[in-house]
Amino acid sequence: MLKRRIIPCLDIRNGRTVKGVNFVGLKDAGDPVELAKLYASRGADELVFLDITATIENRHTLISLVERIAAEINIPFTVGGGINSLEDVGHLLKAGADKITINSAAVRRPELITEIAGEFGSQCVVVAIDTDVINNDWVVVVDGGRTPVKLRTIDWAIKVEKLGAGEILLTSMKHDGTKKGFSLEITAEVSRHVNIPVIASGGAGKKEHFRDVFFNTSCSAALAASIFHFGEVDIKELKEYLFNEQTAVRL
Amino acid sequence: MIAIIKYNAGNIRSVQNAITRLGYESVITDDREEMLNAEKVILPGVGEAGSAMKYLREKELDKLIVSLTQPVLGICLGLQLMCRYSEEGDTQCMKIFDTDVRLFPRVDKVPHMGWNNFFSLKGELFKGVSARDNVYYVHSYYPEISSCTTAVCDYILPFSAGMKKDNFYATQFHPEKSALVGEQILKNFLEL
């Protein structure tokens, strides 16, 4: 049986993790590779690295970081942040990333999805969709959730699948940072309307939230950052809990 | 020396990284001599069957691969190119394995992406690996079950997760991305 995936997300600034916590056995909490190795050893199914600075000057730093991650990590990983062109994607995949994720750039220029899928295959294109409730409707927001665009979330999800996306990373900005659980509503809705895997994101605060999103929606994976980062939830314990709650996970 | 065949497919570097982690030396190459003289040869790959096969034909690498006598491992697209025919791009492949590659019917999410287990494990490649273990898959086309099948995975329908014929081995999943279980399988191949 195909397993539901648990995906820690690491925010990267200038090649370093943002707000690193000193876990036991971690030599350098600011080193993304050290943290990634720790997560992988605890049973993370995949990793996502988001470069939150993503300036031209930092590109070189990101590429060498991706090369180091690829050399040391034995699970798949996705890289995102500031990707605007086919050329950016080529550099990251060549450095060893398995997938890339694009967000605002895809909203601005949807053909970019088709271009990347055509050149490198759909399997490496994760389209990130940030969504929020505005006037009682789930719509797409860009620029880190600040700017709504005239696009219904469901319509955009269906469109990105048609354009060649291999996976959707769906973040509810309404839930992000609240630690009150994932949005079951929009996650279920998007998962039902597309035939590609959907990663639920935004709102994870405790183990039960993962059970709820897997139990109530057909999402393929759930992503979280701070609860793993600050050691509030241990990935191994989370997966054992989900297993006991009858969720198909890899132990 | 392990030769990793260089062609127009992605994910080649990941395979080399995994081999390096296991302490083996490898070279990414499309040089005939280097391939013929290698102890083991790996045909990796993520990509599209039609264009990959066209590239191998143009470089006459297809004939070379079929003629190899040392252990050869095909991974993912590499496995599919070693089959008879693929529905992807209506492609005639290398015909090492007597089976065809078909598109998954869309009754569940496609691609089949993520961790899945396998069963009916046979042969040296799966030494120390059990049906409880999970490996990482990413594919929209699947190889049918045949007499070459050495591992079965069930997603939408049962398909070959592993295959073997003579000196040719293949996995539909990515051992290089499958954590410790994948490392064990690669190690088994490298120790053949």
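Residues numbered from 1 in each chain as written. Chains lettered and ligands numbered in written order. Predicted model: local features only at pLDDT ≥ 70, side-chain atom pairs only at ≥ 80, totals over all residues. Heavy atoms only, no water.

Participant: Explain the overall build of chain A here, please?
Facilitator: When you go through chain A residue by residue, the secondary structure sums to 10 helices and 11 strands. Scaling as 2.2 N^0.38, a compact globule of 251 residues should have a C-alpha radius of gyration of about 18 Å, and chain A matches this with 17 Å. Counting only C-alpha atoms, chain A reaches 45 × 45 × 35 Å along its principal axes. Residue pairs in contact within chain A that sit at least 24 positions apart in sequence constitute 65% of those at least 6 positions apart. A total of about 10500 Å² of accessible surface is found on chain A, and carbon and sulfur atoms cover 50% of it. Placing the 30 positive and 33 negative side-chain charges of chain A at their respective mean positions leaves the two points 3 Å apart. (Helix = DSSP H or I, 4+ residues; strand = E, 2+ residues; numbered from the N terminus. Rg over C-alpha atoms; globule rule 2.2 N^0.38 Å. Contact = heavy atoms within 4.5 Å. Areas by Shrake-Rupley, 256 points an atom, 1.4 Å probe, with all protein chains shown as cover. Lys, Arg positive; Asp, Glu negative; His and termini not counted. Charge placed at Lys NZ, Arg CZ, Asp CG, Glu CD.)

Participant: Which parts of the structure should I look at to understand the packing of aromatic side chains?
Facilitator: Each aromatic ring pair is summarised here by two numbers: the centre-to-centre distance and the angle between the ring planes. Considering all chains together, one arrives at 14 aromatic pairs over all chains under this definition. Ring plane angle 75 degrees and centroid distance 5.3 Å describe the contact between A:Phe182 and A:Phe210, whose orientation is recorded as edge-to-face. With A:Phe182 in the loop between β9 (167–172) and α7 (184–193) and A:Phe210 in helix α8 (residues 207–216), the pair connects residues that are 28 residues apart, well separated along the chain. On the accessibility criterion, A:Phe210 (0% relative accessible area) is buried. Note on B:Tyr142 and B:Phe159: the rings are 6.4 Å apart at their centroids and 55 degrees apart in plane angle, and the pair reads as tilted. With a gap of 17 residues between them, B:Tyr142 in strand β10 (residues 141–143) and B:Phe159 in strand β12 (residues 157–165) connect regions that are remote in the sequence. Grouping residues by exposure puts B:Tyr142 and B:Phe159 together as buried. Each residue in the set B:Phe104, B:Phe118, B:Phe126, B:Tyr137, B:Tyr142, B:Tyr155, B:Phe159 and B:Phe173 is aromatic and connected to the rest through ring pairs, giving one cluster. The ring centre of B:Trp115 lies 3.7 Å from the NZ or CZ of A:Arg250, which sits over that ring. (Phe/Tyr/Trp six-rings, centres within 6.5 Å; stacked < 30°, edge-to-face > 60°. Buried < 20%, exposed > 50% of the residue type's maximum accessible area, 1.4 Å probe, protein only. Lys NZ or Arg CZ within 6 Å of the ring centre and 35° of its normal.)

Participant: Is there a simple way to think about the nonpolar core in this case?
Facilitator: The tendency in soluble globular proteins is for nonpolar side chains to be buried as a group. If you look at the biggest cluster of nonpolar residues, it comprises 77 residues, and the most contacted ones within it are A:Leu47, A:Ile168, A:Phe210 and A:Phe228. Tallying contributions element by element places helix α1 (residues 32–41) of chain A first for this core, with 6 residues. The residues touching A:Ile168, leaving out its near neighbours within four places in the chain, are A:Val127, A:Ile129, A:Ala157, A:Val160, A:Val190, A:Val194, A:Ile196, A:Pro197, A:Val198 and A:Ile199. Ranked by size, the runner-up nonpolar core spans 63 residues in total, among them B:Cys83, B:Val110, B:Cys153 and B:Leu190. (Core = buried A, V, L, I, M, F, W, Y, C linked by side-chain atoms within 4.5 Å.)

Participant: Whenever I open this one, unusual backbone geometry confuses me. Can you help?
Facilitator: A negative phi angle is the norm for most residues apart from glycine, just as the trans form is the norm for most peptide bonds. Residue and element names in this part refer to chain B. The amide bond that connects Val110 to the next residue, Pro111, takes the cis arrangement and shows omega of 10 degrees. Checked against the element boundaries, Pro111 lands in the loop between β7 (100–103) and β8 (112–117). Despite not being glycine, Asp90 shows a phi value in the positive range, around 50 degrees. Its place among the elements puts Asp90 in the loop between β5 (85–86) and β6 (91–92).

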